[in-house]
Amino acid sequence: MTWYVGLTDDLTRRRTEHGNPADWQQTGPFATEAAARAWEAQYVGKSGYQGAPGGSGWRYGYWYTITRTTRQ
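What you see is a predicted model, and the numbers here were worked out from it, not measured in a lab.

Participant: Looking at this structure, how should I read helix 2 (residues 33-41)?
Facilitator: Since there are 3.6 residues in each turn of an α-helix, residues three or four apart along the chain are aligned in direction. Residues of helix 2 that are buried include every one of Ala 36, Trp 39 and Glu 40, and no others. Seen from one end, helix 2 has its buried residues packed into an arc of 100°, which puts them on one side. Of the surrounding elements, those touching the buried residues of helix 2 are strand 1 (3-8), strand 2 (25-27) and strand 4 (60-65).

Now the structure itself:
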């Protein structure tokens, strides 16, 4: 099982763009971009996690299980 982890300012749009994952979870809002990027760095690049660090937006973190119906 692989998890996708990301950051965004627009949770609704990102969830739709990723295919409305059934197990979508979120955290935030983060107080600073540095705090958000540190949260993301805990996961991205580690075994079992994927993501695209450095994307636009940072106020909220989200994660979901990658399946054949989700879009990364």
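Next, the rest of the story.
Participant: Looking at this structure, I do not really get unusual backbone geometry. What am I missing?
Facilitator: What you tend to see is this: most non-glycine residues have negative phi, and most peptide bonds are trans. Backbone torsion omega between Gly 28 and Pro 29 reads 10°, so that peptide bond is classified as cis. By secondary structure assignment, the location of Pro 29 is in the loop between strand 2 and helix 2.

Participant: Just checking my understanding: could you explain the nonpolar core for this structure?
Facilitator: The biggest cluster of nonpolar side chains holds seven residues, and these are Val 5, Leu 7, Phe 30, Ala 36, Trp 39, Val 44 and Trp 58. Mapped by element, the contributors of at least two residues to this core are strand 1 and helix 2.

Calculation criteria
- Residues numbered from 1 in each chain as written.
- Predicted model: local features only at pLDDT ≥ 70, side-chain atom pairs only at ≥ 80, totals over all residues.
- Heavy atoms only, no water.
- Buried < 20%, exposed > 50% of the residue type's maximum accessible area, 1.4 Å probe, protein only.
- Helix = DSSP H or I, 4+ residues; strand = E, 2+ residues; numbered from the N terminus.
- Arc of directions from axis to C-beta.
- Contact = heavy atoms within 4.5 Å.
- Core = buried A, V, L, I, M, F, W, Y, C linked by side-chain atoms within 4.5 Å.

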